[in-house]
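Coordinate analysis (summary)
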Amino acid sequence: MTAPGSVLRDSSVITWRNLRNIRRMPDLLLGSIGQPVMFLLLFAYVFAGSLGGDAYREFLVCGIFAQVVAMNAAFTTMAVASDLTKGIIDRFRSLPMSRLAVILGRTTSDLSVNGVTLIVMSVTGLMAGWRIHGGVGGAVSAYAVLLLFAFAMSWVGSFVGLLCRTVEVAQSAGLMWLFPVTFISSVFVPTGNMPAAIRVIAEWNPVTAVADTSRELFASTAPPGFPPPGGWPGERPVLYAVLSSVAIIALFAPLTVSRYRRVASR
């Protein structure tokens, strides 16, 4: 058993290593920012006129926040797969360090990337007309929930990355499940306008809870005619978003560490 202090020390080294890689290859960071900025600008200026104008932009930006922290799990998947193919994992295995630290270092460094991404998206949203109406406390709470969900999704991304044998496979696998997860949600449109079967899935989708939490804590109003969130998660978005994030971490953290041990023992 490795002492908690050793795990934290080892994971901090891995975190710093991963962040230095981003500094040397800034295009990795640009990739995680470019896609959500594109979605925001396209929907804000191409579709907003038909969906509610300025009010829809307020609705949209909070949804994009949830989408971006979920979609960044794909970059975690590719980063883990890249380390596997380059033999970095074999080097880590030969060192006297905790195996948990390797994955914890990856998820922590990606949490930092998500923080930078949220800053850029917030600035972009302000330029598009979005405003924070919920005060400082609400804004801090909203960003805290977003980062908690980002941390949870990075564990999912790490697990998927450990299942892939090449970066090319990881690139496809990392996005294949994320697109339906983020689009069958309230990111772009309210769940109340969806067909019955899809609506139930969307209402219980954690991405919907995180998006609705952002709207509630930032006090962003929906356009007139948009139905309010429905179901138990819609009535308690903050609670459900936090519980979902904790549940995802509790499920995928041991699965990821177990999978890493099998991969590292080959």
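Everything here concerns the structure above.
Figured I'd write up the structure that's included with this text.

**A short note on the overall build of the protein**
In terms of regular secondary structure, the protein is built from 13 helices and zero strands. In sequence order, the secondary structure elements of the protein are arranged as α-α-α-α-α-α-α-α-α-α-α-α-α. Relative to the globule expectation of 18 Å for 266 residues, the C-alpha radius of gyration of the protein, 19 Å, shows essentially globular dimensions. Seen through its principal axes, the protein has C-alpha atoms that stretch 60 × 35 × 35 Å. For the protein, the proportion of its 266 residues judged to be buried stands at 51%.

**A closer look at the packing of aromatic side chains**
Summed over all chains, the structure comprises 15 aromatic pairs. Each ring, one from Tyr-56 and one from Phe-226, has its centre 6.3 Å from the other, and the planes form 70°; the classification is edge-to-face. Of the two residues, Tyr-56 is situated in helix H3 (residues 54-71) and Phe-226 in the loop between helix H11 (206-217) and helix H12 (231-235); the sequence distance between them amounts to 170 residues. Ring geometry for Phe-65 and Trp-130: centres 5.2 Å apart, planes at 85°, overall edge-to-face. Taken as a pair, Phe-65 in helix H3 and Trp-130 in the loop between helix H6 (99-128) and helix H7 (135-163) lie far apart in primary sequence, 65 residues in all. Look at Phe-65 and you get buried, because its relative accessible area is 0%. Take Trp-130: its relative accessible area is 0%, and that puts it in the buried class. Chaining the aromatic ring pairs together yields one cluster made of Phe-65, Trp-130, Tyr-143 and Phe-218. One residue, Arg-215, lies across the ring of Phe-59, its end atom 3.6 Å from the ring centre.

**Section: the packing of H6 against H7**
One can describe the packing of H6 onto H7 by two numbers: an axis separation of 9 Å at closest approach and a directional angle of 135°. In terms of axis orientation, H6 runs oblique to H7. For the crossing formed where H6 meets H7, the hand is right-handed. Here Leu-100, Ile-103, Leu-104, Arg-106, Thr-107, Thr-108, Leu-111, Asn-114, Gly-115, Leu-118 and Ser-122 of H6 come into contact with H7, specifically with Tyr-143, Leu-146, Leu-147, Ala-150, Phe-151, Ser-154, Trp-155, Ser-158 and Leu-162. Taken together, the residues that form the contact of H6 with H7 break down as twelve nonpolar, seven polar and one charged.

**Focus on the side chain of Glu-203**
By the element assignment, Glu-203 lies in helix H10 (residues 196-204). The side chain of Glu-203 is buried and forms no salt bridge, while Arg-199, the nearest opposite charge, is found at 4.1 Å. Residues within four places of Glu-203 in sequence aside, it is in contact with Thr-191, Thr-208, Gly-230, Gly-231 and Pro-233.

**Here's the deal with the environment of Arg-259**
Secondary-structure assignment places Arg-259 in helix H13 (residues 237-264). Taking C-alpha positions, Arg-259 is 6.8 Å from Leu-162, a pair spaced 97 residues apart along the chain. Engagement of the side chain of Arg-259 in a polar contact is seen with the backbone oxygen of Leu-162, the distance being 3.3 Å.

**Notes on a nonpolar patch on the surface**
Together, Met-38, Leu-41, Leu-42, Tyr-45, Val-46 and Phe-47 line one region of the surface with nonpolar side chains, adding up to about 570 Å² of accessible area. Within the fold, Leu-41 resides in helix H2 (residues 27-51).

The rules we used
- Residues numbered from 1 in each chain as written.
- Predicted model: local features only at pLDDT ≥ 70, side-chain atom pairs only at ≥ 80, totals over all residues.
- Heavy atoms only, no water.
- Helix = DSSP H or I, 4+ residues; strand = E, 2+ residues; numbered from the N terminus.
- Rg over C-alpha atoms; globule rule 2.2 N^0.38 Å.
- Buried < 20%, exposed > 50% of the residue type's maximum accessible area, 1.4 Å probe, protein only.
- Phe/Tyr/Trp six-rings, centres within 6.5 Å; stacked < 30°, edge-to-face > 60°.
- Lys NZ or Arg CZ within 6 Å of the ring centre and 35° of its normal.
- Axes fitted to C-alpha atoms, helices over the stretch in contact; angles between N-to-C directions.
- Parallel < 35°, antiparallel > 145°, perpendicular 65-115°, else oblique.
- Left-handed = near helix turned anticlockwise from the far one by under 90°.
- Contact = heavy atoms within 4.5 Å.
- Nonpolar A, V, L, I, M, F, W, Y, C, P; charged D, E, K, R; others polar.
- Lys, Arg positive; Asp, Glu negative; His and termini not counted.
- Salt bridge = Lys/Arg side-chain N within 4 Å of Asp/Glu carboxyl O.
- Polar contact = N/O pair within 3.5 Å; in protein donor to acceptor, adjacent residues only side chain to side chain.
- Patch = residues over 30% accessible without salt bridge, like charges linked within 9 Å, V, L, I, M, F, W, Y side chains within 5 Å.
- Areas by Shrake-Rupley, 256 points an atom, 1.4 Å probe, with all protein chains shown as cover.

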